[in-house]
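Topology and contacts: notes
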Amino acid sequence: MASISVSLDRNADRHDVKLLKRELDTLPGVGEVIAQRIIEEREENGPFYYPEDLMNVKGIGEKTLEKLLSHIRLP
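Model, not experiment: these values are computed from the prediction.

How each quantity is defined
Residues numbered from 1 in each chain as written. Predicted model: local features only at pLDDT ≥ 70, side-chain atom pairs only at ≥ 80, totals over all residues. Heavy atoms only, no water. Helix = DSSP H or I, 4+ residues; strand = E, 2+ residues; numbered from the N terminus. Buried < 20%, exposed > 50% of the residue type's maximum accessible area, 1.4 Å probe, protein only. Contact = heavy atoms within 4.5 Å. Expected span 1.5 Å × (residues − 1). Arc of directions from axis to C-beta. pLDDT = per-residue confidence, 0-100.

**As for the overall build of the protein chain**
Within the protein chain, the regular secondary structure consists of 3 helices and 2 strands. Helices and strands in the protein chain line up, N terminus first, as β-α-α-α-β. Across the 75 residues in the protein chain, those meeting the buried criterion constitute 32%. Long-range contacts, defined here as pairs at least 24 residues apart, represent 48% of the contacts in the protein chain between residues at least 6 apart.

Laid out in structure tokens, this is it:
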């Protein structure tokens, strides 16, 4: 089971963002659109400190968060 860190350095280059987007896209309940929204939320509001912070991303609710919990690491 892969785990993904959803932290993203605000100064990350385009290559890093594309790589992260591809990794996020592999998570259950996360497609290309949600992956982009996760990146945008992180860039605009800083890191996710708690899993529940992901629910600030449009399209991630309780059910999606539940699917993600075993796949993510937060700082």
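Back to the write-up after that little detour.
**A word on helix α2 (residues 32-45)**
For α2, built from 14 residues, the straight-helix expectation of 20 Å at 1.5 Å per residue is met to within 8% by its first-to-last C-alpha distance of 20 Å. Within α2, burial applies to I34, A35, I38, I39, E41 and R42. Along the axis of α2, the buried residues cluster in a sector spanning 160°; they form a single face. Opposite its buried face, α2 presents the exposed residues E32, V33 and E44, each directed more than 90 degrees away. Taken from the residues just after α2, G46 is the one with a positive phi, measuring 90°.

**Points about the environment of G29**
Here G29 shows up in the loop between α1 (14-25) and α2. Since its relative accessible area comes to 43%, G29 is described here as partly exposed. In this structure, the C-alpha to C-alpha distance between G29 and K67, residues 38 residues apart in sequence, is 7.1 Å.

**A look at the environment of P28**
Its location among the elements puts P28 in the loop between α1 and α2. By relative accessible area, P28 is classed as partly exposed at 28%. As a C-alpha pair, P28 and L68 span 40 residues in sequence and 6.4 Å in three-dimensional space. P28 has contacts with T64, K67, L68 and H71, leaving out every residue within four places of it along the chain.

**Notes on the environment of R42**
The topology assignment puts R42 in helix α2. Given the relative accessible area of 9%, R42 is considered buried. Residues R42 and D53 lie 11 residues apart in sequence; the distance between their C-alpha atoms is 10.0 Å.

**Comments concerning the confidence of the model for the protein chain**
Interpretation of the predicted coordinates at a detailed level should be avoided for regions scoring low in pLDDT. On average, the protein chain scores 82 in pLDDT, and the residues at 70 or more come to 80%. Of all the helices and strands in the protein chain, strand β1 (residues 4-5) carries the lowest mean pLDDT, 54, while helix α3 (residues 62-68) carries the highest, 95.

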